[in-house]
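# Remarks on the overall topology
Each chain, written out:
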Amino acid sequence: MTDSQSPLIVEDATIGYGRVAISEGLSVDIPEGEFTVILGPNACGKSTLLKALARMLKPTAGQVLLDGRDIHTQPTRAVARRLGLLPQSPIAPDGITVADLVARGRYPHQGILRQWSAEDERVVAEAMAATDITELGARGVDELSGGQRQRVWIAMVLAQQTPLLLLDEPTTFLDITHQIEVLDLCAKLHQEGRTLVAVLHDLNQAARYATHLIAMREGDIVAEGPPAEIVTAAMVDQVFDLPCRIIDDPETGTPLVIPSAGNRGAASRARELEADALVKDLV
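The structure reproduced in this document is the subject of the present report. From a predicted model like this one, the values you see are computed outputs, not experimental measurements.

Reading the values: the criteria
- Residues numbered from 1 in each chain as written.
- Predicted model: local features only at pLDDT ≥ 70, side-chain atom pairs only at ≥ 80, totals over all residues.
- Heavy atoms only, no water.
- Helix = DSSP H or I, 4+ residues; strand = E, 2+ residues; numbered from the N terminus.
- Buried < 20%, exposed > 50% of the residue type's maximum accessible area, 1.4 Å probe, protein only.
- Areas by Shrake-Rupley, 256 points an atom, 1.4 Å probe, with all protein chains shown as cover.
- Pairing = 2+ DSSP bridges.
- Axes fitted to C-alpha atoms, helices over the stretch in contact; angles between N-to-C directions.
- Contact = heavy atoms within 4.5 Å.
- Salt bridge = Lys/Arg side-chain N within 4 Å of Asp/Glu carboxyl O.

To continue, consider the overall build of the protein chain. Along the backbone of the protein chain there are 10 helices and 12 strands. Expressed as a percentage of its 283 residues, the buried residues of the protein chain come to 46%. Surface summary for the protein chain: the accessible area is close to 14200 Å², and the carbon and sulfur share equals 52%.

Here it is as structure tokens:
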């Protein structure tokens, strides 16, 4: 049944690449007005789920609903007015300036009868101000640091003026300072009323910034809900094969995962033993 409070819903979906299914029978509701983070180990299906939500992957079974309608039956421009996407490692055209790249976020609002306007100019200026890149407007995107470039891409997504923002690993390849800078910006956008969905690798960052977590393993959702409710030692061990203890973050009071010293978990050791046995058989 469709939840009117969920702008994005995955219903009993099989998603993957070609004939390889990453997730089967997957169902999830993205809560409106929340900062949702999808997390899990490598190759667990995090980015695959986000691509399905963004209409980049079409389920071979089931469906993805945007505002109660199959996302793949809706016009591209209509979807782009509702949903903004920051993909992994986006590539800017050679020589493009910051201002010109951000302005491309207005594309969904252009048309034969509607060209560039003062309203577009205002929205682009506001998006650049919100991401603190106004002074970079005349510079080439390829001249910027990693953190600055990520802010520029987020500004372009903001210029779309969509209530839904999807971010696929927005902190990848950034140093810790720029990671926090980008996540602080995401938190600000959430506080301003946007619904955010992001894929993150760092469990402690996810627990600190998210208001809703989706934990995945091997294409399935293992747990979902507020970080304070689902980030437990048992869940971390189940999802990441990482024995740990959970304490309160002294800065935020959110769950903080402390890995156990010298203990990698029974599941990890079992896989290592299986690999060792396979090597011995081959030898």
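Having seen the model, we can carry on.
This paragraph deals with the sheet that holds strand β3 (residues 35-39). The strand order across the open sheet formed by six strands is β6-β7-β8-β3-β9-β10, and the pairing between neighbours is mixed. Each end of this open sheet is capped by a strand with a single partner; those strands are β6 (83-86) and β10 (220-225). Each strand axis lies, on average, 15 degrees off the axis of its neighbour in the sheet, ignoring direction. Here β3 pairs with strand β8 (residues 195-199) via four bridges, running parallel. When the sheet's bridge partners are listed, phenylalanine 35 is paired in β8 with leucine 196. Against the sheet, helix α5 (residues 146-159) makes contact with β6 and β7 (164-168), and its axis sits at roughly 165 degrees relative to β6, the strand it touches most. Running over the sheet, helix α9 (residues 233-240) touches β3, β9 (212-217) and β10 and is turned about 40 degrees from β9.

Among the secondary structure elements, valine 197 is positioned in strand β8. Between the C-alpha atom of valine 197 and that of threonine 36, which follows or precedes it by 161 residues, the distance is 4.7 Å. Residue contacts for valine 197: discarding those within four places in its chain leaves Ile30, Thr36, Ile38, Leu50, Leu53, Leu165, Leu166 and Leu167.

Our focus in this paragraph is the environment of isoleucine 15. Relative to the assigned elements, isoleucine 15 resides in strand β1 (residues 8-17). The class of isoleucine 15 is buried, set by a relative accessible area of 2%. Measuring from C-alpha to C-alpha, the distance between isoleucine 15 and threonine 60 comes to 6.2 Å, with 45 residues separating the pair along the chain. Setting aside residues up to four positions removed in sequence, isoleucine 15 forms contacts with Ala21, Ile22, Ser23, Leu26, Thr48, Leu49, Ala52 and Pro59.

All chains considered together, the criterion is met by nine salt bridges. For arginine 151, the salt bridge goes to glutamate 181, with nearest N and O atoms at 2.5 Å. Remark: glutamate 181 occurs in helix α6 (residues 176-191) and arginine 151 occurs in helix α5; sequence separation between them is 30 residues. A relative accessible area of 11% places arginine 151 in the buried class. Between aspartate 249 and arginine 208 there is a salt bridge; the shortest N-O distance is 2.9 Å. One end of the pair, aspartate 249, is in the loop between β11 (244-248) and β12 (255-259); the other, arginine 208, is in helix α7 (residues 203-209), with 41 residues separating them in the sequence. We classify arginine 208 as partly exposed; its relative accessible area is 33%. One continuous salt-bridge network, built from bridges that share partners, spans Glu119, Arg122 and Glu126.

Limitation: the analysis is restricted to geometry and does not speak to function.
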